[in-house]
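Chains, contacts and geometry: an overview
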Amino acid sequence: MSPWTPNIPLEPADWARFTRYARRVRALSVLPRSDTLLRGPLVFDEVARTRATLNILPRLSNLTWTTENSERLQLSLMFMHENIRNFTVKLIRSDHYPLSIYFQEISLRMPALTHLDMRFTFPVREIQDDLCKLFDSLPHLQRVVLPKFTLSAKIMEKLSHCPKLRVIQFEFMESQGAGDVSDVHNWFPVLKEGAFPELRDLSISVHIPHMVRFLSSMFFPANLTCLYVHVLYIVPPYQVQEFLEATAQSCQQLNQLYIDFAGDPSPLLFRSILSDEDRISWNTLRPVLKLSKLTLFEIHWDQPLAISQGDIENLAASLPSLEVLSLNSEPLPAPQPPSLTLGALIPFARHCPKMRELSLYIDASTSATDLEAASRSLHASLPPTRFRSLEKLSLGLSRISDTEPVALFLSEICPLGCTVGAGVSWPNGFGALASETIEDGTVLVDMWAKAASWYEQWLVVDKMMPPLVRARMQERARRQELEREVEDLRVRSRLLEDRASVGVPQDGGCILF
């Protein structure tokens, strides 16, 4: 499709017809794909020159302008007005139109903005001062979305003064862009009294020790309910524990907590076995038990967690309100097998009735005897232990050798509709991994092959699940029907025995005295 160009000038009659519908428009999006169709030299010039009213779309409340051409950015001013609440924009630097001027236009034309989503691919330090002035001029801001590595200390300090700000977040999406990680290396924001009076949701890229300092500051927002920490560098387990201790002390209202190392790993010695002291253990994670309102907890790390079945029992019993839990289901390849088995699912099924999503790193290649023992433990109580609300079971790089016994066990504990998934979600997949020696490279290639095989087998398990779960449901229904019939016979038998004990004839007649 070629770019559209008006064939004839717009006339008053055209605008009169357009005005009847203009008030119905609530959202306008000019995306890179659609912008290529509006490149005619006179399209927006004609609209600006002939429009009958200042506000072309007077009830417009959502404006998205993500064109890739810096020359087109200024054209978005035509649709800005005081009724717009949500604004998404792709910032493109231009020698002819400074972004500082554009920010002034935003605050002048859209002073009532509540949601601001800014996308760019250059260091935030280049626009930091002007961006802070923009935040200062928008007193109604409730949500700010920026690229990763752009929430510098200075920007956080400025955002802390926004009286209605509830959400600060960044996105990993390529379309969101990215800043320069050096802008968040020395991250030491200073909060003053009254900082973040309404903040509920915070996402931040930061070094763990810097976040501990931030959490421990006197004026840290006490009403935070969601905290997402993108970890820049791997740190020793004791520093993770310090972070969780500080979080538990400062964020008593927290119900969602994410700890995410989503970076590219450094070259590793894949043949080396790390000791439990060098890995995150249950002792490291124990402070989360102090967060009594926690419904979601996710941790993504480079190495497998050192966690046992007893630790899982403790976690599930202590946080029965959990709805989403991810315990590092896709760590980097390691020579030692996972410490958990399929039996790790049982405590969550027993203690967490609202569990919707569960992600674990397990070894499902255990013997049939172990699976039979796990199955018997499901039926140790009445009714048998099963998940009530589980929708998704993610097993990452978990090992599996035989699909049939695994599927049979899962069909006993999972509800109908629960999906079983595996694989990795690293930014660059297995391509992010590197080895230091030829021997490590050989081991890594072997691990890739095994991981691909495990992934295929988990796909088979997922396909087997629906018919197996339905069969289990039918089996339970028949068992319940038989139990009802047996109970009915017992009642009838007791009734006959009672009648016989008082001399009632077998024919049901009565005796006159």
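Below is a summary of the structure that appears in this document. What you are looking at is a predicted structure, and each value in this text was computed from that prediction instead of being measured. (Residues numbered from 1 in each chain as written. Predicted model: local features only at pLDDT ≥ 70, side-chain atom pairs only at ≥ 80, totals over all residues. Heavy atoms only, no water.)

1. Some thoughts on the overall build of the protein chain
- Secondary structure summary: the protein chain contains 14 helices and 14 strands in total.
- For the protein chain, the proportion of its 513 residues judged to be buried stands at 47%.
- Sequence separation of at least 24 residues holds for 82% of the intrachain contacts in the protein chain that already meet a minimum separation of 6.
- Accessible surface, the protein chain: about 25,500 Å² in total, of which carbon and sulfur atoms supply 53%. (Helix = DSSP H or I, 4+ residues; strand = E, 2+ residues; numbered from the N terminus. Buried < 20%, exposed > 50% of the residue type's maximum accessible area, 1.4 Å probe, protein only. Contact = heavy atoms within 4.5 Å. Areas by Shrake-Rupley, 256 points an atom, 1.4 Å probe, with all protein chains shown as cover.)

2. Re the nonpolar core
- Counting residues in hydrophobic clusters, the biggest one holds 135 residues, and the most contacted among them are Tyr-102, Met-211, Phe-243, Phe-348 and Leu-410.
- The greatest single-element share of this core, amounting to six residues, is contributed by helix α14 (residues 438-501). (Core = buried A, V, L, I, M, F, W, Y, C linked by side-chain atoms within 4.5 Å.)

3. Examining the packing of aromatic side chains
- Per the stated rule, a full pass over the model turns up nine aromatic pairs.
- Look at Trp-187 and Phe-214: their rings are 4.9 Å apart centre to centre, the planes differ by 70 degrees, and that puts the pair in the edge-to-face class. Taken together, the residues span a long stretch of sequence, with Trp-187 in the loop between β6 (167-171) and β7 (201-206) and Phe-214 in helix α7 (residues 208-215) at a distance of 27 residues.
- For Trp-187, a relative accessible area of 1% corresponds to the buried category.
- Look at Phe-214 and you get buried, because its relative accessible area is 2%.
- Taken together, a centroid distance of 5.4 Å and an interplanar angle of 50 degrees make the contact between Tyr-228 and Tyr-258 tilted. Placement of Tyr-228 in strand β8 (residues 226-231) and of Tyr-258 in strand β9 (residues 256-260) is noted, with a sequence separation of 30 residues between them. (Phe/Tyr/Trp six-rings, centres within 6.5 Å; stacked < 30°, edge-to-face > 60°.)

4. Re the pattern of salt bridges
- Within the structure shown, the criterion is met by 16 salt bridges.
- Among the ionic pairs, Glu-105 bridges to Arg-109, the shortest N-O distance being 2.8 Å. Within this pair, Glu-105 and its partner Arg-109 are both found in helix α4 (residues 99-109), separated by four residues, close to a single helical turn.
- With a closest N to O distance of 3.2 Å, Asp-180 and Arg-125 form a salt bridge. Linking Asp-180 in the loop between β6 and β7 with Arg-125 in the loop between β4 (115-119) and α5 (128-136), this pair joins segments that are 55 residues apart in sequence.
- Here Asp-180 falls in the partly exposed class, since its relative accessible area comes to 24%.
- Looking at Arg-125, the relative accessible area reads 45%, which means it is partly exposed.
- Within the structure, one salt-bridge network assembled from shared partners comprises Arg-125, Asp-180 and Asp-183. (Salt bridge = Lys/Arg side-chain N within 4 Å of Asp/Glu carboxyl O.)

5. Some details on the pairing of β9
- Most of β9 is tucked away, with four of its five residues classed as buried.
- As judged from the five bridges shared by β8 and β9, these two strands associate in the parallel manner. Bridge pairing links Leu-227 to Leu-257 in β9.
- Crossover β8 to β9 through helix α8 (residues 237-250) is right-handed. (Pairing = 2+ DSSP bridges. Right-handed = clockwise from strand over helix to strand, strands pointing away.)

6. Focus on the packing of α4 against α5
- Packing of α4 against α5 leaves a shortest axis separation of 9 Å and a crossing angle of 5 degrees. With respect to their mutual orientation, α4 and α5 come out roughly parallel. Contact residues: Ser-100, Phe-103, Ile-106 and Ser-107 in α4; Asp-130, Leu-131 and Leu-134 in α5.
- Of the residues belonging to the contact of α4 with α5, the class tally is four nonpolar, two polar and one charged. (Axes fitted to C-alpha atoms, helices over the stretch in contact; angles between N-to-C directions. Parallel < 35°, antiparallel > 145°, perpendicular 65-115°, else oblique. Nonpolar A, V, L, I, M, F, W, Y, C, P; charged D, E, K, R; others polar.)

7. So, the packing of α7 against α8
- Where α7 contacts α8, the axes come no closer than 9 Å and their chain directions differ by 20 degrees. Here α7 is positioned roughly parallel relative to α8, judged by the angle of their axes. When the axes of α7 and α8 are compared, the crossing they make is left-handed. Where α7 approaches α8, its residues Ile-208, Pro-209, Met-211, Val-212 and Leu-215 are matched on the opposing element by Gln-239, Glu-242, Phe-243, Ala-246, Thr-247 and Ser-250. (Left-handed = near helix turned anticlockwise from the far one by under 90°.)

8. A look at the pairing of strand β2 (residues 62-65)
- The pairing of strand β1 (residues 27-30) with β2 spans four bridges and is parallel. Bridging across to β2, Ser-29 finds its partner in Thr-64.
- Across four bridges, β2 lies against strand β3 (residues 86-90) in parallel orientation. Of the residues in β3, the one forming a bridge with Thr-64 is Thr-88.

9. Digging into the environment of Leu-108
- Along the chain, Leu-108 turns up in helix α4.
- Classification of Leu-108 as exposed rests on a relative accessible area of 64%.
- Each C-alpha atom, one on Leu-108 and one on Met-80, is 9.4 Å from the other, the two residues being 28 residues apart in sequence.

10. Comments concerning α4
- Of the positions making up α4, those classed as buried are Leu-99, Tyr-102, Phe-103, Glu-105, Ile-106 and Ser-107.
- In this fold, the buried residues of α4 make contact with β3, β4 and α5.

11. A look at the side chain of Gln-176
- The residue Gln-176 is located in the loop between β6 and β7 in this model.
- Within the local environment of Gln-176, its side chain forms a polar contact with the backbone oxygen of Met-118, the two atoms lying 3.1 Å apart.
- When sequence neighbours within four positions are dropped, the list of residues in contact with Gln-176 reads Asp-117, Met-118, Arg-119, Phe-120, Val-145, Leu-146, Pro-147 and Glu-171. (Polar contact = N/O pair within 3.5 Å; in protein donor to acceptor, adjacent residues only side chain to side chain.)

12. Describing the environment of Val-206
- Turning to its location among the elements, Val-206 is positioned in strand β7.
- On the basis of relative accessible area, Val-206 is assigned to the buried category, the value being 0%.
- Sequence-distant contacts of Val-206, that is, excluding residues within four places in its chain, are made with Trp-187, Met-211, Val-229, His-230, Val-231 and Leu-232.

13. Quick notes on the side chain of Ser-329
- By secondary structure assignment, the location of Ser-329 is in the loop between β11 (324-327) and α11 (345-351).
- In this structure Ser-329 touches Ser-359, Leu-360, Tyr-361, Ser-394, Leu-395, Gly-396, Leu-397 and Ser-398, once residues within four positions along its chain are discounted.

14. Description of the environment of Glu-391
- Assignment of secondary structure puts Glu-391 in the loop between α12 (368-378) and β13 (392-394).
- Taking the C-alpha atoms as reference, Glu-391 lies 6.3 Å from Thr-419; in sequence the two are 28 residues apart.
- Ignoring any residue separated from it by four or fewer positions in sequence, one finds Glu-391 in contact with Arg-356, Gly-417, Cys-418 and Thr-419.

In short, the description is geometric, and any link to function would need to be established separately.
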